[in-house]
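For reference, the chains in residue letters:
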Amino acid sequence: MATYVNNHIHTIYSFSPYTPETAVEAAAKNGLKTAGIMDHDSVGGAREFIEAGKKYGMPITCGVECRVDMSKTRLNGLRINNPDQKSVAYVAMHGIPHQNIEKVDAFFAPYREKRNIRNRKMCDNINKLTEAYGITLDFDKDVLPLSTATVTERHILFALAKKITARFDTPEKVVEFITGDMGISLSEKVKGQILGGRETPNFYEYDILGALKGNMVEKFYIDATDECPDVCEFIKMVRENGGVAAYAYLGDVGDSVTGDKKAQKFEDDYLDLLFEVLDEKGFDAVTFMPTRNTPAQLERLMNMCREKGFAQISGEDINSPRQGFICKAYEDPRYEHLVKAAFTLIDYENEASKGDIEAAMAKYPELFRR
């Protein structure tokens, strides 16, 4: 029987329908054997997540995800793993020792404030697109309350989805507005999900959000600048606080599993260069999602990780109620090592949380390249 793990569950501290406790509860009820919190620019939910792990007997791990500036590296000008902006990459810090949670959150606090400056401007851009239909967003009243800590583009579009459902009282009218007035093309799958909103009310606004995100971000997006730490600054913070620095592989996207990404090319054409830069900057690991990529993409990525000595960490990005917590890919023997890696990460985090981080790192050298 397969052992199902996940190190990448979002909560209300970034974008998700789950509180830290309800995320652990759902993970346990759905059959996961591990659960990892992974919010954007925040570890504010980590303490609650830890306590929930104890309550439900669930081994947990704490992490944080952010975007970093790669413009001072050889990846400058390339679309790395960010669909919306070149020279910016999504990265993750895994295995945060619990005594350093507040230090890590303090590092991200000023970046969250800077991010909201841009968020307000993006709301203004959306209003220019929708005010003709009698729909506008107020950042403070409509968007900010949707998050406990970090506000992302998803929050803005979720607020817009709520405005749309308040304006149009049936799924049919919503689809007509999105495809007709807004001129957004919907796949038959997504259209069917939205039209089924009466039967799946818990998914309804999230399905609308997915449709908007996959087609609308480029129309209102403003490049992130001051809110993205330089990659070297990120690596320094991770090392000072005893975490595992991981690059989040996306890979070229064909048919998006999550439905919110259009077909687009990312790192696959220059994977050798990417690994050279990751090596130069001091990354320890590569994190990826088995359901997001083809077997060929994953085989190539895993082989490069082995050749270059990078740890492999896996986690399925959970931020919508429609997503299942179980990743069936773990039933494939090719991914057994990802299950072992999840428990190794948890063992390291627990050991490091006792106080002697250097000793813990020495005990689990497979997680680090320092």
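Fair warning: this is a prediction, and the values are worked out from it, not measured in the lab.

Criteria and thresholds
Residues numbered from 1 in each chain as written. Predicted model: local features only at pLDDT ≥ 70, side-chain atom pairs only at ≥ 80, totals over all residues. Heavy atoms only, no water. Helix = DSSP H or I, 4+ residues; strand = E, 2+ residues; numbered from the N terminus. Buried < 20%, exposed > 50% of the residue type's maximum accessible area, 1.4 Å probe, protein only. Contact = heavy atoms within 4.5 Å. Areas by Shrake-Rupley, 256 points an atom, 1.4 Å probe, with all protein chains shown as cover. Lys, Arg positive; Asp, Glu negative; His and termini not counted. Charge placed at Lys NZ, Arg CZ, Asp CG, Glu CD. Salt bridge = Lys/Arg side-chain N within 4 Å of Asp/Glu carboxyl O. Arc of directions from axis to C-beta. Core = buried A, V, L, I, M, F, W, Y, C linked by side-chain atoms within 4.5 Å. Polar contact = N/O pair within 3.5 Å; in protein donor to acceptor, adjacent residues only side chain to side chain. pLDDT = per-residue confidence, 0-100. Pairing = 2+ DSSP bridges. Axes fitted to C-alpha atoms, helices over the stretch in contact; angles between N-to-C directions. Phe/Tyr/Trp six-rings, centres within 6.5 Å; stacked < 30°, edge-to-face > 60°. Lys NZ or Arg CZ within 6 Å of the ring centre and 35° of its normal.

Draft legend 1. How the structure looks around the overall build of the protein. For the protein, the helix and strand inventory stands at 13 helices and 6 strands. With respect to the principal axes defined by its C-alpha atoms, the protein has extents near 60 × 45 × 40 Å. Sorting the 370 residues of the protein into buried and exposed places 58% on the buried side. Residue pairs at least 24 apart in sequence account for 75% of intrachain contacts in the protein once pairs closer than 6 positions are excluded. Split by element, the accessible area of the protein, about 15200 Å² in all, is 49% carbon and sulfur. The average position of the 47 basic charges and that of the 57 acidic charges among the side chains of the protein differ by 1 Å.

Draft legend 2. Molecular detail of the pattern of salt bridges. Scanning all chains against the criterion turns up 29 salt bridges. One salt bridge in this structure joins Glu227 and Arg67, with 2.8 Å as the shortest N-O distance. You can see Glu227 sitting in the loop between helix H8 (201–220) and helix H9 (231–240) and its partner Arg67 sitting in strand S2 (residues 60–69), a full 160 residues away along the chain. Of the two residues examined, Glu227 and Arg67, each falls in the buried class. Where Glu227 meets Arg115, a salt bridge forms, and the shortest distance between an N and an O atom there is 3.8 Å. Highlighted residues: Glu227 in the loop between H8 and H9 and Arg115 in helix H3 (residues 101–130), separated in sequence by 112 residues.

Draft legend 3. Local environment of helix H7 (residues 188–195). Inspection of H7 places Val190, Gln193 and Ile194 among the buried residues, and these make up the whole buried set. Looking down the long axis of H7, one finds its buried residues gathered within 95 degrees of arc, a one-sided arrangement. Elements that come into contact with the buried residues of H7 comprise helix H6 (171–181) and H8.

Draft legend 4. Geometry of unusual backbone geometry. Phi angles above zero are rare outside glycine, and Asp41 is one such case at about 55 degrees. Locating Asp41 in the fold gives a position in the loop between strand S1 (35–40) and helix H2 (46–56). Positive phi is not limited to glycine here, since Ser87 has a value of about 65 degrees.

Draft legend 5. Examining the nonpolar core more closely. With 66 residues, the main nonpolar core has Phe234, Phe283 and Val286 as its most contacted residues. Beyond its immediate sequence surroundings of up to four residues, Val286 is in contact with Tyr247, Tyr249, Phe275, Leu278, Leu301, Cys305, Phe310, Ala311, Gln312 and Ile313. Judged by nonpolar contacts, the second largest core, of 39 residues, contains Ile126, Ile164, Val174 and Val217.

Draft legend 6. Looking closely at H9. Of all the positions in H9, only Val231, Phe234, Ile235, Met237 and Val238 are classed as buried. Each buried residue of H9 sits inside an arc of 160 degrees when the element is viewed along its axis, so together they form one side. Opposite the buried face of H9, at more than 90 degrees from it, the exposed residues are Lys236 and Glu240. On its buried side, H9 packs onto S2, strand S3 (88–94), H3, strand S4 (244–248) and helix H10 (271–281). Measuring from the side-chain oxygen of the N-cap residue of H9 to the backbone nitrogen of Cys232 gives 2.8 Å; that N-cap residue is Asp230. Count one or two residues on from H9 and you reach Gly242, which has phi positive near 75 degrees.

Draft legend 7. A look at the confidence of the model for the protein. Confidence in the prediction for the protein averages 94 pLDDT; 98% of positions are at 70 or higher. Contacts from residues 256–260, a stretch scored under 50 in pLDDT, to residues over four places away or in other chains number 11 contacts.

Draft legend 8. Representation of the sheet that holds S4 in the model. With mixed pairing, 6 strands are arranged side by side in an open sheet as S1-S2-S3-S4-S5-S6. Edge positions in the sheet fall to S1 and strand S6 (311–314), since each has one partner strand and no second. Looking at each pair of strands side by side, their axes are set apart by 30 degrees on average, direction ignored. Here 6 bridges tie S1 to S2, and the two strands are oriented parallel to one another. Of the residues in S2, the one forming a bridge with Met38 is Gly63. H3 contacts S1, S2 and S3 of the sheet and is inclined by roughly 45 degrees relative to S2. Along the sheet, helix H12 (residues 336–352) contacts S2, S3, S4, strand S5 (285–288) and S6; its crossing angle with S2, the most-contacted strand, is approximately 100 degrees.

Draft legend 9. Spotlight on the packing of aromatic side chains. Tallying each qualifying case throughout the model produces 12 aromatic pairs. Ring centres of Phe15 and Phe158 lie 5.4 Å apart, and the angle between their planes is 80 degrees; this geometry places the pair in the edge-to-face category. Of this pair, Phe15 sits in the segment before helix H1 (20–29) while Phe158 sits in helix H5 (residues 153–167), and the two are 143 residues apart along the sequence. The exposure class of Phe158 is buried, given its relative accessible area of 7%. Aromatic pair Phe107 and Tyr111: ring centres 5.5 Å apart, planes at 50 degrees, arrangement tilted. Of the two residues, Phe107 and Tyr111 both sit in helix H3, 4 residues apart, roughly one turn of that helix. Among the aromatic residues, those joined into a cluster by ring pairs are Phe15, Phe158 and Tyr206. One cation-aromatic arrangement involves Arg369 over Phe310; the distance from NZ or CZ to the ring centre is 3.9 Å.

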